[in-house]
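# Examining the three-dimensional arrangement
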Amino acid sequence: MNFLPAWPLASNALFFFGFLLFCGALGGYVTHRWPWLPSITGFMLVGLIAGPNVLGLVNYDALADSRIIVDVALGLILYRLGLSLDMKQLMHDRSLLIISLVESTLTFGVVLFGMGLMGVHGLTAAVIAAIAVSSSPAVLIHVAHELGASGPVTERAKSLVALNNVLAFLLFSALLPLLYRNAEAPLATILGGPLYQLLGSALLGGGMGLALHIAARKTKAAHQYHLALVVGAVAFTLGAAMTLRLSTLFAPLVLGIVVRSIERADLIADIEFGPAFELFFIALFVYAGANLHVAEMLQYAPAALVLVFGRSLAKWLGVGVTAGLLGAPKRQATTTGLLLIPMAGLAIGLADTTLTLFQMEGAVVSSVVLAAVAILETVGPPISAKALRLSGDELRPDPAYEAPAQEQES
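First things first, this report covers the structure right here in the doc. All of these numbers come straight from a predicted model, not from anything done at the bench.

All right, on to a nonpolar patch on the surface then. A contiguous nonpolar patch, built from Leu 106, Val 110, Phe 309, Leu 313, Trp 316, Leu 317, Val 321 and Leu 325 and spanning about 750 Å² of accessible area, is present on the exposed surface. Elements with a contribution of two residues or more to the nonpolar patch: helix H6 (94-117) and helix H15 (301-325). Residue contributions to the nonpolar patch peak at 6 residues, all from H15. Inspection of the secondary structure assignment puts Leu 317 in helix H15.

This next bit is on the pattern of salt bridges. Applying the stated rule across the entire model yields 1 salt bridge. Note that Lys 315 and Glu 103 form a salt bridge whose closest N and O atoms lie 2.4 Å from each other. Here Glu 103 lies in helix H6 and Lys 315 lies in helix H15, a separation of 212 residues in the sequence. In this pair, the class of Lys 315 matches that of Glu 103, namely buried.

All right, on to helix H4 (residues 67-82) then. The end-to-end C-alpha distance of H4 is 22 Å, a good match for the 22 Å that 16 residues give at a rise of 1.5 Å each. Here H4 lies mainly inside the structure; 12 of its 16 residues are buried. Taken together, the buried positions of H4 are Ile 69, Val 70, Asp 71, Ala 73, Leu 74, Gly 75, Leu 76, Ile 77, Leu 78, Tyr 79, Leu 81 and Gly 82.

Definitions and cut-offs
Residues numbered from 1 in each chain as written. Predicted model: local features only at pLDDT ≥ 70, side-chain atom pairs only at ≥ 80, totals over all residues. Heavy atoms only, no water. Patch = residues over 30% accessible without salt bridge, like charges linked within 9 Å, V, L, I, M, F, W, Y side chains within 5 Å. Areas by Shrake-Rupley, 256 points an atom, 1.4 Å probe, with all protein chains shown as cover. Salt bridge = Lys/Arg side-chain N within 4 Å of Asp/Glu carboxyl O. Helix = DSSP H or I, 4+ residues; strand = E, 2+ residues; numbered from the N terminus. Buried < 20%, exposed > 50% of the residue type's maximum accessible area, 1.4 Å probe, protein only. Expected span 1.5 Å × (residues − 1).

As structure tokens, this is what we get:
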């Protein structure tokens, strides 16, 4: 009987979770020695070095096996982002919705035009433009937490990012019937597939949000169980979405929106996740760095650069001009749009969905979007940090983040 492990060694999700955290923590520490550089950059750089593109300590198959870790991390981040969007408040303050619609429409139009200039036309360009409407909640939440940012710019940016992702998913869902028709799918699939994805994900997230709210009310005397309720609700939503073939990105976002919108007292919506939440950010961004496809990025670099430049300009001007016309102070209007520039989780998920369902269009969509994500996730965190410092919002950096820089100065 052979008691030794088989060679080559088999990988598992727990091994890679530990690997992502260990390497990411080291990368984050190194970047903290330069206070102007957000830790996210260090996480991604470590992932890039350790991944298939440089040292090859992990390959793409191993990364795929650990995808569940990233799904949980993204689910919690999207749930937390959804908490920033109160539908009742949105109905009273229509300016936020107007800003989002103007900025998203401008982003879609500019990216669609830019893709046409680069030779990408038709539905493929439209799908890329729809995905470009989305923004990264992880970057905004992490950088804001790192700087201890609180104020009107931070809160408005969180709401706009949540609206961006909702609108991006709606636009993507609206294009699905056309993609199915191009693929010569049956009529039932053309009509039923997108509707099932959209309504099913919304109902799943909404139903779980209601259940979480009721559970929190019944257990309000035992606050120590509320964090477990939240994590359990998000994990259940993700698992149900996978089983039912619904969106693992849209459902947790709706879950957070529903919880925030139906609560009348502080129960679950304002719960503090604590320092342990940092683990999910580390794992997510180290994974993103390791999973970069450098060859495809180089091949579609011109189109990706046009997407990055056009999208960034559209979001900055769309938010800045519209918010200024609606009476927002100039500094707040100018800096809020910069916080919408990073793009990651939802964009990657929608690109992967396109590639899975429609190989022909998906190959181009995935390559252009992933190349743009790589650029935006590299330049996005420093831009976000600079925008928050210029915004006029209150900044109370966590001493734990400043310690390495202080040690260097001493």
